[in-house]
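Coordinates in review
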Amino acid sequence: MTTEFIVVIAVLLVVIASTIYLVSKRGRSTLSIPAKTAGGSTVVSSSAAVAPTPDVVATELLIPPGDLKKGVRRAGLSFGRLFGNILGSDGSNQKVWDELEETLLLSDLGLELSTRVIEGAKKALEASGQRDGSAMANAVRMELRGLFVEGERDLEYAGESPTVWLVVGVNGVGKTTSIGKLSAMAAADGKKVVLAAGDTFRAAAADQLQMWAERTGADIVRSVPGADPSSVVYDSIQKAAARGFDMVIADTAGRLHTKSNLMDELRKLRRTAEKEPAHLMEVLLVLDATTGQNGLVQAREFAKAAQITGVILTKLDGSAKGGIALAAEAELGVPIKLVGIGEKVNDLIVFSPDEFLDALLEVEPQYGLSDEDLGAN
Amino acid sequence: MFDNLTDRFEEIFSRIRGKGRLSEAEVDAVLREIRAALIEADVNVGVVRLFVERVRANTVGEELQRSLSPAQHVIKMVNAELTNALGGENLKIMYASKPPTVVLMAGLQGVGKTTAAAKLALWFRHQGRNPLLVGADLQRPAAVEQLKVLGGQANVTVFSLEGDPVRTAVAGVEEARRIGRDVVIVDTAGRLSIDKELMDEVRKISGSISPNYTFLVIDAMVGQDAVNSAKVFNEALSLDGIILTKLDGDARGGAALSVRQVVGKPISFVSTGEKLADFDLFYPDRMANRILGMGDVLTLIEQAERTLDKEITEKGAKKLKGGKFDLEDFLEQMQQVKRMGPLKGVLSMLPGVPKEIRNADINEGELVKVEAIISSMTRAERSNPDMIDGSRRLRIARGAGTTTAAVGTLLKQFKDMQKMMRSMGMGGPSATKKSPNRAISKKKKRR
């Protein structure tokens, strides 16, 4: 740091300080400037200040929640449109590839994976020597399928009781609701369940879980607000072991993966959940289908702190497509195990990549792309 | 929140900055990178496409060739588009002439509506208002419980009824009137934008309480779908603004850009932490500058207003305007500026400061040296630096415990600064081009 440098900086500061009087005497209320003039003369494109609405919004179609196919079909609408278009197209049409990339990006798959899928499909198509629409559609499907890991996606029970499932995630993704649904699922499998109200932070989280316990015929162990969540989980395991329950499903407080103290707390929780007599079989990350690229960071951090065994993708019944869960599966090898496709207790279903792709890529002829959709640009 | 984006833009621009000429291919490469940066930040793909197209339309061809510094031109265009995309005035609440002012909170499930409602109530209390919270989320188990706990923490009464959300909302507004509350905040159930029944319900609530403000609560981590739901909510409720939550994570918050662009509604408030007080107004115009590394002058001004001595600053400003700003004033103003806190913090809000300087380890002691040099001058020398010859220079250097070269540098810098100030349009609009302070001079001109 030279003196010269400092002088330049000091000069800058002084000029600013001096400008303040001129600015501030006009009063605080004028300090913010409407967007359209904010750039002053720099807004060369000021005629564009009133932006045209981009055609990014897929047609909203009101289908009542139901099976995976229906849920995904609704979510996958624009994929269907696109595939209708691919079929009537040709692998040499760059516009269709561009449209495909945009569709993948819109599903929150992320730039890197979207590019990988497109490039892979292009290469495969070239290698096959074909370029008609159905070959192209097939190549894309294969590339997408290749992003999923192989193997079972059913949740696991231990041979000996009590089984423990630990449910983790950031705030507001639907952890507590998912636990209610998991509880119903386990009950349907004939298991006797204890719910551990490990979210001692959010106001009334335990009350919410209690209602789920009542609805699904489970028991609940809860403590006072602010109590150590590990002790709640510990007590639940003890209770399950002593009273012959089959399993514990443990709720945890939502935590942003950037809060290191909370991630440490999670590590401790995991250690508690795997101690004798407990058999920790699943650590499930709940991921909201509307999550963007941050979901990948979430998955990475939770995998690091709690060694997650699977993902529950929630809120797939909205218009979000949940591509980020696929990105997480492709990058971390953690499978999407369950998807939430509705608000009812039995709306949590085991995920199947093939079924998902079937629904996702199903052609909806009435939504074929018009010339206008493709646009001149 | 947008730190990541800021770094990316800085990186992209640093590669073209200083280039005398930009080929179309180079512009293309820059635009591709800008596209990638925006997409990775969750800005909607459609918005990104339009963004890039508009920048391209304004940067290729004749204009770029004519421009003296093509890189600057490109940056200027990106800035204009970004300000446009993110821009908008920050919210100024207009309280209802006949209280209470009714505020409706809506949004998808899990975005943090209930917490945001309590935070907003606390914010109103800090504005000297007396709010009432109404729990009309009768859908989610224990949502009203949660609101009651949070209301207790914020010291705000919570009203709720069982059964019908519409009736609850109406009764809540009535209750506010009855007990003399001037603001009432109605929390509603989270809903999917495609759930017709629940959208109808919130529309009904809105219709029967005629809110003065309707806020859509959005999670900063949301991806491409943000625009879809915002659009549906806007059609149903005609939003006044957005409340962006969970900004304390590392999400890049590109949804803020897209939603404003597609729905035309600005981000009004941001929630930046788990504590109830972690909540404040959002300043869109400042954010665009911050993303581009253009500084945050308005925040700086506010900070200055709080810490600076008005009279001294006023005097300096007058002299500056009259072109009579001398070293005496410089010294006085510098002592003022020091009160604004560490240089580094102030620098981060300044426009046009290169990354190297922004991140440099600034030795505050150097400022003391500058002060010492000026203090070692006589009054006459300070007001007329031209009279400082070799022997005076030596005396000053001795007095300040430094070299004559250092004194010379300071004098030269000061002279340059005087020139700059004159050209900065303290009097006229001319020659603002190369000044690093152009953002400030412009802001001033607009008034």
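Residues numbered from 1 in each chain as written. Chains lettered and ligands numbered in written order. Predicted model: local features only at pLDDT ≥ 70, side-chain atom pairs only at ≥ 80, totals over all residues. Heavy atoms only, no water.

1. Section: the overall build of chain B
- Regarding its fold elements, chain B presents 22 helices and eight strands.
- Taking all 447 residues of chain B together, 60% fall into the buried category.
- Partitioning the intrachain contacts of chain B with sequence separation of at least 6 by distance along the chain shows that 72% fall at a separation of at least 24.
- When the accessible surface of chain B is totalled, it reaches about 17,800 Å², and 49% of it is carbon and sulfur. (Helix = DSSP H or I, 4+ residues; strand = E, 2+ residues; numbered from the N terminus. Buried < 20%, exposed > 50% of the residue type's maximum accessible area, 1.4 Å probe, protein only. Contact = heavy atoms within 4.5 Å. Areas by Shrake-Rupley, 256 points an atom, 1.4 Å probe, with all protein chains shown as cover.)

2. Looking at the overall build of chain A
- If you tally the helices and strands in chain A, you get 15 helices and eight strands.
- Within chain A, buried positions represent 58% of all 377 residues.
- Restricting the contact set of chain A to residue pairs at least 6 apart, pairs at least 24 apart contribute 76%.
- Summing over all exposed atoms, chain A offers an accessible surface of approximately 14,600 Å²; the carbon and sulfur share of this is 49%.

3. A short note on the sheet that holds strand β1 (residues 163–168) of chain A
Residue and element names in this part refer to chain A.
- The sheet built from eight strands is open, its strands ordered β3-β2-β4-β1-β5-β6-β7-β8 with mixed pairing. Each end of this open sheet is capped by a strand with a single partner; those strands are β3 (219–221) and β8 (348–350). If you compare each strand with its neighbour and ignore which way they point, the axes differ by 25 degrees on average.
- Bridging between strand β2 (residues 193–196) and strand β4 (residues 247–250) involves four bridges; their strand directions are parallel. (Pairing = 2+ DSSP bridges. Axes fitted to C-alpha atoms, helices over the stretch in contact; angles between N-to-C directions.)

4. Overview of the sheet that holds strand β6 (residues 241–245) of chain B
All names here are of chain B.
- With mixed pairing, the eight strands of this open sheet are ordered in space as β3-β2-β4-β1-β5-β6-β7-β8. Strands with a single pairing partner mark the edges of an open sheet, and in this sheet they are β3 (158–159) and β8 (279–281).
- Inspection of the sheet shows β6 paired to strand β7 (residues 267–271) by three bridges, in the parallel sense. Its bridge partner lying in β7, L244 is registered against V270.
- Across the face of the sheet, helix α9 (residues 196–209) comes into contact with β1 (101–107) and β4 (183–188) while running at roughly 175 degrees to β1.

5. Observations regarding the nonpolar core
- Core analysis: the biggest nonpolar cluster contains 178 residues, and L182 of chain A together with I34, M105, L120 and I185 of chain B have the highest contact counts within it.
- Residue contributions to this core reach at least three from each of two domains, namely domain 1 (3–85) and domain 2 (101–294) of chain B. (Core = buried A, V, L, I, M, F, W, Y, C linked by side-chain atoms within 4.5 Å. Domains from an automatic or database assignment.)

6. Digging into unusual backbone geometry
Residue and element names in this part refer to chain A.
- Between S161 and P162 the backbone carries a cis peptide bond, its omega angle lying at -5 degrees.
- Residue placement: P162 occurs in the loop between α7 (133–145) and β1.
- Backbone torsion omega between E276 and P277 reads 5 degrees, so that peptide bond is classified as cis.
- Even without glycine at this site, A204 takes up a positive phi of about 70 degrees.
- The topology assignment puts A204 in the loop between β2 and α9 (205–216).
- Notably, K315 is not glycine yet its phi reads approximately 60 degrees, a positive angle.

7. Considering the packing of aromatic side chains
Residues and elements named next belong to chain A.
- Applying the stated criterion across every chain yields a total of eleven aromatic pairs over all chains.
- Measuring from centroid to centroid gives 5.8 Å for F148 and F351, while their planes differ by 35 degrees, and the two rings are tilted. Taken as a pair, F148 in the loop between α7 and β1 and F351 in the loop between β8 and α14 (353–361) lie far apart in primary sequence, 203 residues in all.
- Since its relative accessible area comes to 5%, F148 is described here as buried. (Phe/Tyr/Trp six-rings, centres within 6.5 Å; stacked < 30°, edge-to-face > 60°.)

8. Some words on the pairing of β7 of chain B
All names here are of chain B.
- A large share of β7 lies buried, amounting to five of its five residues.
- Between the parallel pair β6 and β7, the chain is carried across by helix α11 (residues 255–263), and the sense of this crossover is right-handed.
- The sheet contact formed by β7 and β8 spans three bridges and is antiparallel. Opposite V270, over in β8, you have D280 as the bridge partner. (Right-handed = clockwise from strand over helix to strand, strands pointing away.)

9. Describing the pattern of salt bridges
Residue and element names in this part refer to chain A.
- In the structure shown here, the tally under the stated rule is 30 salt bridges over all chains.
- Here E301 ties to K304 by a salt bridge, and the two come within 3.3 Å at their closest N and O atoms. Here E301 pairs with K304, and both are found in helix α12 (residues 294–306), just three residues apart, close to one helical turn.
- A residue is classified by how much of its surface remains accessible, and E301, at 24% relative accessible area, is partly exposed. (Salt bridge = Lys/Arg side-chain N within 4 Å of Asp/Glu carboxyl O.)

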